[in-house]
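One-letter residues, chain by chain:
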Amino acid sequence: MIEFVEAFRLAFNLIITLDANILEIVLLSLKVSLVALIVACLVGFSLGSILAVSKFYGRGIVLIIINSFMALPPVVVGLAVYMLLSKSGMFGWMNILYTPSAMIIAQSIIITPIVLALSRQVIEDLNNEYSEFFKSLKISKLQIIKTLIWDARYTLITVALAGFGRGIAEVGAVIIVGGNINHFTRVMTTSIALETSMGNLPFALALGIILLLISVLINSLVMAFNLTTKKYAFG
Amino acid sequence: MHLDKFNRTLIRIKPEKNINCLPICFKDLSLIVDERKILSSLNLSINSDDVTVIMGPNGAGKSIFLKILNGILTPTSGCITWNNKKQFSDTLNTQAFVFQKPILLRRSVIANLDYMDSVLGYKKKISKDRLLEIVQLKKQKNQPARMLSLGEQQRLSLIRSLMLRPNLLLLDEPTANLDPASTKIIEDIILNLKMMGIKIIFVTHNILQAKRIADDIIFLNEGKMVEHLNKQEFFSNSKSIEVQNYLNGIL
């Protein structure tokens, strides 16, 4: 028990003194997840909005596949990306295995279906509400999509935050394609796993606390956006 | 109602092009949904350039009639001709539609009006402040549109549709559930638009309202046209039992 108390004390000390190693790991985690989120939002919002306003044969099957991809097991994604990026893989010539780029690719693959499926649902619901107005205006699909994305922006930010939360907490895929290399591809989740197994509890705890704080911050932002939406009756 | 201001603003609401859409002819037009006949072989012609009112009991097909006119719904068979042409006009937005339940964007009152400018790209801008003043919404201009009362939402919806500078204005029970003051504002606007030469087709259940604003009345029942008469004939000389029952509150 005393050991754990001491571990917490040391962990808080590491956070307060802005330990260089901790800072480096946190910054890399944020960088990887933010870039992956940007990729996921660009792909997810565009495809999500196109799907939301389009009717075509087989649409139901496409939606089932996308929704199923929301539950992609990260280790399977990690394995697939590893095979594609390894020397004998299709993209082995890129030489990016065990680099932050590989981690961004893996996280993007995990986050994109979440952002795509949720944004499609949000935009489609709004489109159902507006559709007769759009039809009466006889405006183009592009104008419709622009209007829907703008009007759903608060909810879409919530969707993006959910994607970010999933990305930053992910460990299975990044450890496979990143390799957990010190000062290069070590992120918060992979460090926690490694340092715990090595018995360096204060370091693992410090990162765990920061990860939790990030999670609390994300959830607070989600709540704030939801409240704003309701307050101004935009929701 | 600030009629002088309104009339000055109306000049800017005038259609960019004056397109004669009359007569509007329904030729054997039917709409069948899930084997249910919503509109059944409608044959009629709207010739007057004033206010045409569509009346009929619930489920008569009045709103569907209007939505087919606007192109929101496509008929199963038959067609509509505009001034003997199949297309109303090559230019977009020569018609405007005001829905029974206002469909407002999740934006402020003024942003709902600005949206029309951004979508339509008209060079000649209308003073939105003046429009808001006419419908007594100037104070609420920065409020979210969905926080307005139903009457205010409907007034906003009406002036937003006017930003299309329509030749034909379709109104689907715009005053249903509104208080007398909001109803009067909307009726005044409609009568002013009529004077400007904008063709108006108006759906209502309200017999007194039809007496106030109609020039001719189309009576629908169970998807069929029962009567199409001018106002005086409709209220005094209609031979139809269905119309008489409706006016007597039985249908």
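1. Notes on the overall build of chain B
Link 1 in the chain: Secondary structure assignment for chain B yields nine helices and nine strands.
Link 2 in the chain: The C-alpha atoms of chain B give 18 Å as radius of gyration, which agrees with the globular expectation for 251 residues (18 Å, within 12%).
Link 3 in the chain: Projected onto its principal axes, the C-alpha coordinates of chain B cover approximately 50 × 40 × 35 Å.
Link 4 in the chain: Counting every position in chain B, which comprises 251 residues, the buried fraction comes to 42%.
Link 5 in the chain: Within chain B, residue pairs in contact and separated by at least 24 positions form 71% of the contacts whose partners lie at least 6 positions apart.

2. Observations concerning the overall build of chain A
Link 1 in the chain: Counting secondary structure elements, chain A contains ten helices and zero strands.
Link 2 in the chain: In sequence order, chain A lays out its α and β elements as α-α-α-α-α-α-α-α-α-α.
Link 3 in the chain: Taken over the C-alpha atoms alone, chain A extends approximately 70 × 50 × 25 Å along its principal axes.
Link 4 in the chain: For chain A, the proportion of its 235 residues judged to be buried stands at 39%.
Link 5 in the chain: Taking all contacts inside chain A whose residues are at least 6 apart in sequence as the whole, residues at least 24 apart take part in 80%.

3. Description of the sheet that holds strand β1 (residues 24–33) of chain B
Picture the strands of a sheet paired through backbone hydrogen bonds; they go either parallel or antiparallel.
Residue and element names in this part refer to chain B.
Link 1 in the chain: Within the open sheet, the three strands sit side by side as β2-β1-β4. Their pairing is antiparallel. Each edge of the sheet is formed by a strand with only one pairing partner; in this case those strands are β2 (36–46) and β4 (77–82). Direction aside, neighbouring strands of the sheet carry axes that sit 15° apart on average.
Link 2 in the chain: Pairing of β1 with β2, which is carried by seven bridges, proceeds in the antiparallel orientation. Within β2, the residue paired with F26 across the bridge is L44.

4. Focus: the pairing of β1 of chain B
All names here are of chain B.
Link 1 in the chain: Remark: two residues form the turn of the hairpin made by β1 and β2, two consecutive strands paired antiparallel; D34 in that turn has positive phi of roughly 50°.
Link 2 in the chain: Where β1 and β4 come together, five bridges link them in antiparallel fashion. Paired with I24 across the strands is W82, a residue of β4.

5. Observations regarding the sheet that holds strand β3 (residues 51–55) of chain B
Residue and element names in this part refer to chain B.
Link 1 in the chain: If you walk across this open sheet you meet the six strands as β5-β6-β7-β3-β8-β9, and the pairing is mixed. Because the sheet does not close on itself, it has two edges, and the strands there are β5 (95–98) and β9 (224–230). For this sheet, the mean angle separating the axes of adjacent strands, direction not counted, is 15°.
Link 2 in the chain: Taken together, the four bridges between β3 and strand β7 (residues 199–203) define a ladder with parallel strand orientation. Bridged to V51 within β7 is I200.
Link 3 in the chain: Most of the contacts of helix α6 (residues 180–195) go to β7, to which it runs at about 150°, and overall it touches β3, β6 (168–172) and β7.

6. Topic: the pairing of β5 of chain B
All names here are of chain B.
Link 1 in the chain: Going residue by residue along β5, you find Q95 and F97 tucked away on one face and A96 and V98 tucked away on the opposite face as well.
Link 2 in the chain: Pairing between β5 and β6: four bridges, direction parallel. When the sheet's bridge partners are listed, A96 is paired in β6 with L169.

7. Topic: the interface of chain B and chain A
Link 1 in the chain: Facing 15 residues of chain B, the contacting portion of chain A comprises 13 residues.
Link 2 in the chain: In terms of residue class, the side of chain B that touches chain A is built from nine nonpolar, three polar and three charged.

8. Some words on the confidence of the model for chain B
Link 1 in the chain: When pLDDT is averaged along chain B, the result is 88, and 91% of the positions lie at 70 or above.
Link 2 in the chain: Both confidence scores are given for the complex: pTM 0.90, ipTM 0.91.

9. As for unusual backbone geometry
Residue and element names in this part refer to chain B.
Link 1 in the chain: Residue L22 is joined to P23 through a cis peptide bond whose omega torsion reads -5°.
Link 2 in the chain: Within the secondary structure layout, P23 lies in the loop between α1 (3–13) and β1.
Link 3 in the chain: For Q136, which is not glycine, the phi torsion reads 55° and is therefore positive.
Link 4 in the chain: Despite not being glycine, R165 has its phi angle at roughly 50°, a positive value.
Link 5 in the chain: Following the sequence through the fold, R165 ends up in the loop between α5 (150–162) and β6.
Link 6 in the chain: The exposure class assigned to R165 is buried, which follows from the 20 C-beta atoms found within 10 Å.

10. Quick word on the environment of A224 of chain A
Link 1 in the chain: Examined against the element boundaries, A224 of chain A turns out to sit in helix α10 (residues 201–231).
Link 2 in the chain: Separated by 66 residues in the primary sequence, A224 of chain A and T158 of chain A place their C-alpha atoms 9.5 Å from one another.

11. As for the packing of helix α3 (residues 59–69) of chain A against helix α5 (residues 100–137) of chain A
All names here are of chain A.
Link 1 in the chain: Close contact between α3 and α5 brings their axes to 8 Å; oriented N to C, the two are set at 130°. In terms of axis orientation, α3 runs oblique to α5. Along this stretch, α3 crosses α5, giving a crossing that reads as left-handed. Residues I66, N67 and F69 of α3 form the contact with α5, whose participating residues are P113, L116 and A117.
Link 2 in the chain: Class assignment of the residues belonging to the contact of α3 with α5 gives a composition of five nonpolar, one polar and no charged.

12. Section: helix α2 (residues 62–70) of chain B
A turn of α-helix holds 3.6 residues, and therefore any two residues three or four places apart point the same way.
Link 1 in the chain: For α2 of chain B, a buried count of seven out of nine residues is recorded, marking the element as mostly surrounded by other parts of the structure.
Link 2 in the chain: All of the buried residues in α2 of chain B are K62, I64, F65, L66, K67, I68 and L69 of chain B.

13. A few points about α6 of chain B
Residues and elements named next belong to chain B.
Link 1 in the chain: Taking 1.5 Å of rise per residue, the 16 residues of α6 would be expected to cover 22 Å, and the 22 Å separating its terminal C-alpha atoms lies within 8% of that figure.
Link 2 in the chain: Turning to α6, its buried residues number three or more, namely S182, I185, I186, I189, I190 and L193. Take α6 and look down its axis: the buried residues cluster within an arc of 130°, on one side only. Structural note: α6 exposes P180, A181 and M195 on the side pointing more than 90 degrees away from its buried face.
Link 3 in the chain: Buried residues along α6 sit against β3, α5, β6, β7 and α7 (207–213).

14. Some remarks on the packing of α5 of chain A against helix α6 (residues 141–151) of chain A
All names here are of chain A.
Link 1 in the chain: Between α5 and α6, the least distance of the axes is 10 Å, while the angle of their chain directions is 130°. Overall, the two elements α5 and α6 adopt an arrangement that is oblique. Our pair here, α5 against α6, has a crossing hand that is right-handed. Residues I123, L126, N127 and F134 of α5 form the contact with α6, whose own contacting residues are I144, L148, I149 and D151.
Link 2 in the chain: Within the contact of α5 with α6, the residues separate by chemical class into six nonpolar, one polar and one charged.

Parameters and conventions
Residues numbered from 1 in each chain as written. Chains lettered and ligands numbered in written order. Predicted model: local features only at pLDDT ≥ 70, side-chain atom pairs only at ≥ 80, totals over all residues. Helix = DSSP H or I, 4+ residues; strand = E, 2+ residues; numbered from the N terminus. Rg over C-alpha atoms; globule rule 2.2 N^0.38 Å. Buried ≥ 20, exposed ≤ 12 C-beta atoms within 10 Å, placed from the backbone. Contact = placed C-beta atoms within 7 Å. Pairing = 2+ DSSP bridges. Axes fitted to C-alpha atoms, helices over the stretch in contact; angles between N-to-C directions. Nonpolar A, V, L, I, M, F, W, Y, C, P; charged D, E, K, R; others polar. pLDDT = per-residue confidence, 0-100. Parallel < 35°, antiparallel > 145°, perpendicular 65-115°, else oblique. Left-handed = near helix turned anticlockwise from the far one by under 90°. Expected span 1.5 Å × (residues − 1). Arc of directions from axis to C-beta.

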